[in-house]
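Each chain, written out:
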Amino acid sequence: MHKPLRIAAVAATCAVAGAALYGTGVATAGQSTANSTHEPYNIGVLVKDIDTYYGTTADSNGVYQASPDSPYAEDLARLDASAKRYIDQAARKAHHRHTKPAVVFDIDDTLLLSLDYEKKTNYTYNSASWAAYVAQANRPAVFGSPELVEYAASKGVEVFYNSGLKESQRVSAVDNLKKVGVDVNLDAAHMFLKDAANPPAYLSDCATAAAWNCTTVQYKAGTRKHIESLGYDIVANFGDQYSDLEGGYADKTYKLPNPTYFVS
């Protein structure tokens, strides 16, 4: 996962802690950095607002956790309730029409919460520290996400994963997902990770074994296009970044809240 822009990307939305930081439908209005000559939002106050939004507390092991009573949890609960109603309706229509419905989930901060990493690195990204963190395979679940995956599967909707994690991190990702109760279709045919050494043919426009030049949108949308080429209709696509959702090949998108980093 590459994180080129961090806290400043969400100053405006985090100014009021507890405000909804996501939307449903086509994601077209992405987050952006400040573009005025006014003084930017104070970073110390912003960090405090982020902690308030998550209800951030350190557990007995010194691991930063989000509170189940936080505005973050409340926003997720509303999103999950809406998504379940929609999945149920979409599944009924698809089965009536004899089509193959599918849902696609991002992993980082859509299914697995990396708040502890963000806090302990002061919201900065380093590839080595991130790789070590992922390898621990001990991230908590994003509230409600395991249940949402299971719900989709229970309605006969095929579950896929479309993540910016590297192919070399597959074992850690699978182990971590299983720990938090996500145990649906965790095979290579359903979990798509970045394989820069051997990119798939469907990404040939931007990736070869010699060079990976895909943007996040190209990679994610190209993967969804591939999934639909297998005969599936992606009825819903879930992600914490707008770049997880842009590019089409999904009937509906769900933007999960994440005020800690921004991936273009």
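Residues numbered from 1 in each chain as written. Predicted model: local features only at pLDDT ≥ 70, side-chain atom pairs only at ≥ 80, totals over all residues. Heavy atoms only, no water.

(A) Broad picture of the side chain of Asn 237. Along the chain, Asn 237 falls in strand S6 (residues 232-239). Look past the residues within four positions of Asn 237 in its chain and what remains in contact with it is Val 104, Arg 224, Asp 244, Leu 245, Ala 250, Lys 252, Thr 253 and Tyr 254. (Helix = DSSP H or I, 4+ residues; strand = E, 2+ residues; numbered from the N terminus. Contact = heavy atoms within 4.5 Å.)

(B) Expanded view of the state of the cysteines. One pass over the full model with this rule turns up one disulfide. Between the sulfur atoms of Cys 206 and its disulfide partner Cys 214 the distance amounts to 1.9 Å. Between Cys 206 and Cys 214, the S-S torsion sits near 80°, and that sign places the bridge as right-handed. Classification of Cys 206 by relative accessible area gives buried; the value is 12%. By relative accessible area, which is 9% here, Cys 214 ends up buried. (Disulfide = S-S within 2.5 Å. Buried < 20%, exposed > 50% of the residue type's maximum accessible area, 1.4 Å probe, protein only.)

(C) View of the environment of Pro 200. Looking at where Pro 200 falls in the secondary structure, it is placed in the loop between strand S5 (191-194) and helix H8 (216-229). Looking at Pro 200, the relative accessible area reads 24%, which means it is partly exposed. Considering only alpha carbons, one finds Pro 200 and His 226, 26 residues apart in sequence, at a separation of 9.9 Å.

(D) A look at the pattern of salt bridges. Using the criterion set out here, one finds nine salt bridges in the structure. For the salt bridge of Asp 51 with Lys 119, the shortest nitrogen-to-oxygen distance reads 2.9 Å. One end of the pair, Asp 51, is in helix H2 (residues 43-54); the other, Lys 119, is in helix H4 (residues 115-120), and 68 residues separate them in sequence. The salt bridge involving Lys 220 is made with Asp 106; its shortest N-O contact spans 2.9 Å. Of this pair, Lys 220 sits in helix H8 while Asp 106 sits in the loop between strand S3 (100-105) and H4, and the two are 114 residues apart along the sequence. Each member of the pair, Lys 220 as well as Asp 106, carries the same accessibility label: buried. Salt bridges sharing partners connect three or more residues here, namely Asp 88, Arg 92 and Lys 155. (Salt bridge = Lys/Arg side-chain N within 4 Å of Asp/Glu carboxyl O.)

Purely spatial values, then, with no claim about function.
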